[in-house]
Every structure is written in structure tokens, then in C-alpha cells.
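Chain residues, written in single-letter form:
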Amino acid sequence: MSQHLSEQEILRREKLKELEQLGIQAYPADLFEVNCTTTEILKNYDAEKQQFQNVSIAGRLMSYRIMGKASFAVIQDGHGKIQLYITRDNICPGEDKTLYDKVFKHLLDIGDFIGVKGYAFVTKTGETSIHVNEFKVLAKALKPLPVVKEKDGEVFDAFTDPEMRYRQRYVDLVVNTNVRETFIKRAKMINVMRSFMSSAGYIEVETPVLQPIYGGALARPFKTHHNALDVPLFLRIANELYLKRLIVGGFDGVFEFAKDFRNEGMSRFHNPEFTMLELYVAYKDCYWMMDFMEAMVERIAIELYGKPEVTVGDQLISFARPWKRFTMFEAIKHYTGVDISSMDEETLRHTCRELKVHVDNTMGKGKLIDEIFGNHVEPKLIQPTFITDYPVEMSPLAKKHRTKPGLVERFEVICNAKEICNAFSELNDPIDQRERFEEQLKLGKRGDTEAMVLDEDFLRALEYGMPPTAGIGIGIDRLAMIMLNQPSIQEVIFFPQMRPEKKENE
RNA sequence: GAUUCUGUAGCUCAGCUGGUAGAGCAAUACACUUUUAAUGUAUGGGUCUCGGGUUCGAAUCCCGACAGGAUCACCA
């Protein structure tokens, strides 16, 4: 297969050969000793003190300004950027000026990795820089990077095409520093959650991604096949049923940051694989879990921003406790003025039409309520809000409400008009659970492709006895979108799913 | 899946009512030992996403395909 090379790519390959001819390895094998980072120098350098007089840093060459026998360049490492000052006399103390005149000025390109040794100083214009005594080529780049320039915070020629940014995230990360910051914050968010749960005494576990029976959520799965066993397997849509088995096994609290897979549409809010935190705690109920959720998310905001408020788009969202709490009926009444709490299915259907909510005849009572909620309430909930008391039909794994017939002990948190978590007092009555599964089977036979499958082993586990348990699932990507103020899920996932690039030569 | 917008140099974008392409940055060459969107002078660089059609002539108009964005629908 022949690669079509641009003019610049051909040139860089020629430079590579020239380096080799000069006896300079473009991809040396030996390590380059680094003794500090760009940000360490920029933060701590003080001209008064004798510091950073022997620095050795490595990174990618991002720009240079050659002025005859002296040059300025910018190098970027894993932390930030710093300016280099390079003079011919320093680099080439002897007669041979090749290293400066040829190698530095002509054979290096933007994007190349180099290592430099020198000392820190401040230039005339007041920029902390490194006075370079030696440099070494660490890796040559054969493709030109997009060159993004910046002055006084204004960015010129930014690399913005979403398709290229997602397909070539490595370039995006090199060139758009805010992208790197977003993903660092995402990692921090997950660390805050992990330590919050760990310090509460809960155990981080791992459960199967490949499952013979998929369960724990209402969704369509990806199907695969195991050759040796000659059985079909499914990529998990949730890990709920496995974590509950561990509660049966005697753990008091277990959690997992799980990659789940759902074979459904893609959008700004949906990637086929996504991350979900699930947490199960024995001897607790969903009201306890509400407090836990509130505290954990408030903690995230404080750790990320030093305060419980987060700016999302043009909204300021406050995660300061306590959050508003509504039952589903209260919320609907509040936002539509209609009290549906005692309506039967027919009246409900009529109400839907009055509220201009799309209905069809396959929808049961629970679904109708959900439609009203989704159309008239959810879009209005910007501040984090608990919604409790869901209809039983929609929640086959939740315990029936302790006092309200037809409802279950469940809550969701809606924030920025999107659900960010879903939690129950977990159903631990094995007989009730079997009946709920059977209901789901009926739905499946009627053609509901998302209905749950009956999991005999899970029921067997419940029959051994599961303590009362509170469980929650938090969509990490959705939460990250809010916490990191990003408008699409593709901005918080390194490598979002894309259609394959079309192949050349075919 | 529906609607709609977009696809031109390595990157960001112009390109009108059809006359086979332009700018800035990047690249190349030269000058310049404290510059910073460095500067100055010169030069090269394009299957205008792909395939059809209309036309004397298509980057431009029409149809289709592919890819992406936005909105909506399903879902987390």
C-alpha cells in the first residue's frame, strides 16, 4: 500500500536521512534523564536564588523563532510549555557549528521530541526561559502538527474540527491544552469518588464484562461468541446483578467503575461504551443513599473548584447540600399544575394528550407518567434535584415502596436537565424478584427489545438471602460533562466511537 | 432513524450571478545573538471528500454516496 505523502512529509523524511548521515539517531534507544518539569521551573524560579542552574527537560518542540545565531523555541512536556533560548556559541563551543547551523536550524521541526540541558533565567522581556547548553533529538515527527498560535489569551488558527479532534485525539491533546486539562479533571473526579467510597469502607471490585446473561438495566446488548466454550456471550449493559451477588456473599459495600456497552444510537449524550459507577451498600435504603450521593457530588465540586458551584454553559449549578427533593407526582404537579397521583390509565392517557405528550397504545401507566415527566419536568431541572417514588412497572429491580402501593423505593438525580444517577432500595425478596422478571419476559415476548432476561443464578443467589441493600448507578460520563462544563460526551471520552474512516486503495 | 448545515493547501478559512483556485499561519531559501502571533525578502505546495449529471466550460448548479456537526426521537 502506497502512502500519499504531502510536500512537508517528504521533507521531514529527507531530514531524517540527513540526521542519520550526520550520525545522529532520530529515535535513540537510551533514556533521557529528566530532572524537572516546565511548570516546576515557571512556578518556582526566582532569579535571586541559585536554582534550576542544571536543568534537564524533555518534550515536544512547539514553535521556534530563529534570529541568526540565536534562537528562541518553545518546548512542551507533560505539564506545560517553556521557552528555550539557544545560541550558536553555547551549542557549538568549538569550530564545528553543524549542530546549530544544520541540525537545530534545518533538521528539526515543530513536533519533534528533544531533550535539553541548561539553566533557567529571565529574558529581557521578563519571560522565564531555559538557556540551552545541549540538546538531543529524542524522536523525529514525520507529520506536521497543526500550529496553534496564541497572544494575550487569544488563540489563532485553533485546531477545531471535531471529526479530526476525536479521530486523532493524540493531536488534539498535543495542541489544545484545555483538552488535556479536561481529562485530568475527569481523572481527578473519579479519584475523589474512589477515595470517598473507599474511606467509607467499601471495596472496589471487578466483575465480568462478558456475561452469558445480560441484566441489570433495560437496554439492547452487544453479542459475541466464545469459541472454546462455543457459547454466545454478551458485553455487559450493567454490572448490578453481579455486585448484588457480592452483597449476598457478605461484603458490606462494593463498588465498580464499570465500562458498560449498549447497542443503541449514538449522540451528543450517548457513546456505545460508557462508564458507570455502581455502588451497593448493605443494611441501607435509598434515603440513606440520597444523603451519600449528595455528599459525594458536593465533595467532587469542592475538590475540583474549591467551592460547590460549577458553571455549566451559561448556568451556575450549585451542588451545595441539601438538594431539592420531589416525588415524581409532586414534580409533575409543580411543573404542569396537574395532579396525576390518583389517575387511572385512561385519565392519564387523556391528560397526556392535553399536555401534548406523544402517546401510543402500547404504553402502560408507568410509561405514560415517565413521558409526562420527561417532557415537562426534566428539561426544567437545572439545579441537582432528587426525584423519588417511581412507578413499579419501570423498575423491576427496586423494592416496592414501604407505604405507597404501585410505587417503588427509587430515586434519580436530575441535573442540567439530564439524569445523572439512578438508585433503589434493592429488591431482595426472591419471590417478588422472580415475578418481576416474569413480567419483563412478557414484555419481551410482546416485542420490547429492551426487556430484561430472567437470570436464574441471580435468583438462586437471592434465595440464599440478601440483606436490605441500597444501590446506585452513576453515569460517569454524564457527570463529567456537567463537572467539566462540556457540551458533548465526545469531549469527556478520549476515543469516542466513530464510523470507520474510509480506506484508500479500495 | 428524521430534519438541517458542513467537507477547498499540513492547520484555520475566502472563493459572488458557472470561466479549471486564493489569504494567514506552517514549509523551503537568505538575512538577523534577548525574540515571543518575531521581522524582512523570495519560493514551492491542491484528485477543491468521492461518483454521476447539466453545460462549450463545474470548487460553484442538480442527483447520489461517504464522513462530520447541530436539533429532534430512543436510551445512561
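Residues numbered from 1 in each chain as written. Chains lettered and ligands numbered in written order. Predicted model: local features only at pLDDT ≥ 70, side-chain atom pairs only at ≥ 80, totals over all residues. Heavy atoms only, no water.

Student: Mind laying out the overall build of chain A, listing which residues take part and the relevant values?
Tutor: Within chain A, the regular secondary structure consists of 15 helices and 20 strands. Viewed in the frame of its principal axes, chain A has a C-alpha envelope of about 95 × 55 × 50 Å. Looking at the 506 residues of chain A, the share that counts as buried comes to 48%. Expressed as a percentage of contacts within chain A between residues at least 6 apart in sequence, the contacts between residues at least 24 apart total 64%. By element, 51% of the accessible surface of chain A is carried by carbon and sulfur atoms, the whole surface being about 26000 Å². (Helix = DSSP H or I, 4+ residues; strand = E, 2+ residues; numbered from the N terminus. Buried < 20%, exposed > 50% of the residue type's maximum accessible area, 1.4 Å probe, protein only. Contact = heavy atoms within 4.5 Å. Areas by Shrake-Rupley, 256 points an atom, 1.4 Å probe, with all protein chains shown as cover.)

Student: Outline the domain arrangement of chain A, listing residues and values.
Tutor: Considered domain by domain, chain A is made up of domain 1 (7-145) and domain 2 (178-323 + 383-492). One C-alpha centre belongs to domain 1, the other to domain 2, and the line joining them spans 49 Å. (Domains from an automatic or database assignment.)

Student: Which residues make up the protein's contact with RNA strand B, and what are the values?
Tutor: In the vicinity of RNA strand B, 56 residues are found, and the nearest of them are Asp89, Thr125, Glu163, His270 and Arg478. Each atom of RNA strand B within 4 Å of the protein was assigned to sugar, phosphate or base; sugar and phosphate come to 59%. Within the contact set of RNA strand B, a base nitrogen lies 2.5 Å away from a side-chain nitrogen or oxygen of Glu7. Between RNA strand B and the protein, one listed contact pairs a phosphate oxygen with a side-chain N or O atom of Lys151 at 3.2 Å. Contributions of two or more residues to the surface near RNA strand B are made by helix H1 (7-21), strand E1 (55-67), strand E2 (70-76), strand E3 (81-87), strand E6 (149-151), helix H5 (162-167), helix H12 (365-377) and strand E19 (418-425). (Near = heavy atom within 4 Å. Polar contact = N/O pair within 3.5 Å; in protein donor to acceptor, adjacent residues only side chain to side chain.)

Student: How would you sum up helix H10 (residues 328-336)? Please name residues and give values.
Tutor: For H10, the complete set of buried residues consists of Met328, Phe329, Ala331, Ile332 and Thr336. Buried residues of H10, viewed axially, fall in a sector of 160°; they line one side. Where the residues of H10 are buried, they touch strand E16 (324-327), H12, strand E17 (385-391) and strand E18 (407-415). Backbone geometry just downstream of H10 places Gly337 in the positive-phi region, at approximately 80°. (Arc of directions from axis to C-beta.)

Student: Tell me about the pattern of salt bridges, residues and numbers included.
Tutor: Counting across every chain of the model gives 37 salt bridges. Between Asp172 and Arg165 there is a salt bridge, and its shortest N-O distance comes to 2.9 Å. Its relative accessible area of 0% is what places Asp172 among the buried residues. For Arg165, a relative accessible area of 10% puts it in the buried group. The residue Arg349 makes a salt bridge to Glu346 at a minimum N-O spacing of 3.6 Å. Taken as a pair, Arg349 and Glu346 lie in helix H11 (residues 345-354) at a separation of three residues, close to a single helical turn. Glu346 sits in the exposed class, given a relative accessible area of 54%. Several salt bridges converge on common partners, so that one network encompasses Arg12, Lys15, Asp109, Asp112 and Lys140. (Salt bridge = Lys/Arg side-chain N within 4 Å of Asp/Glu carboxyl O.)

Student: Describe the packing of helix H7 (residues 177-199) against helix H15 (residues 476-483), listing the residues and the values that go with them.
Tutor: Their axes nearest at 10 Å, the elements H7 and H15 cross at an angle of 120°. Classified by chirality, the crossing of H15 by H7 is right-handed. Residues Arg186, Met189, Ile190 and Met193 of H7 form the contact with H15, whose participating residues are Ile476, Asp477, Leu479, Ala480 and Met483. When grouped by side-chain class, the residues that make up the contact of H7 with H15 number seven nonpolar, no polar and two charged. (Axes fitted to C-alpha atoms, helices over the stretch in contact; angles between N-to-C directions. Left-handed = near helix turned anticlockwise from the far one by under 90°. Nonpolar A, V, L, I, M, F, W, Y, C, P; charged D, E, K, R; others polar.)

Student: If you had to explain the side chain of Glu412 to someone new, which residues and values would you point to?
Tutor: If you trace the backbone, Glu412 turns up in strand E18. Residue classification places Glu412 among the buried residues on the basis of a relative accessible area of 6%. Side chain to side chain, Glu412 and Tyr390 meet in a polar contact 3.3 Å long. Among the polar contacts made by the side chain of Glu412, one reaches the side chain of Arg410 at a distance of 2.8 Å. Beyond its immediate stretch of four places on either side in the chain, Glu412 contacts Thr385, Phe386, Ile387, Tyr390, Glu419, Cys421 and Asn422.

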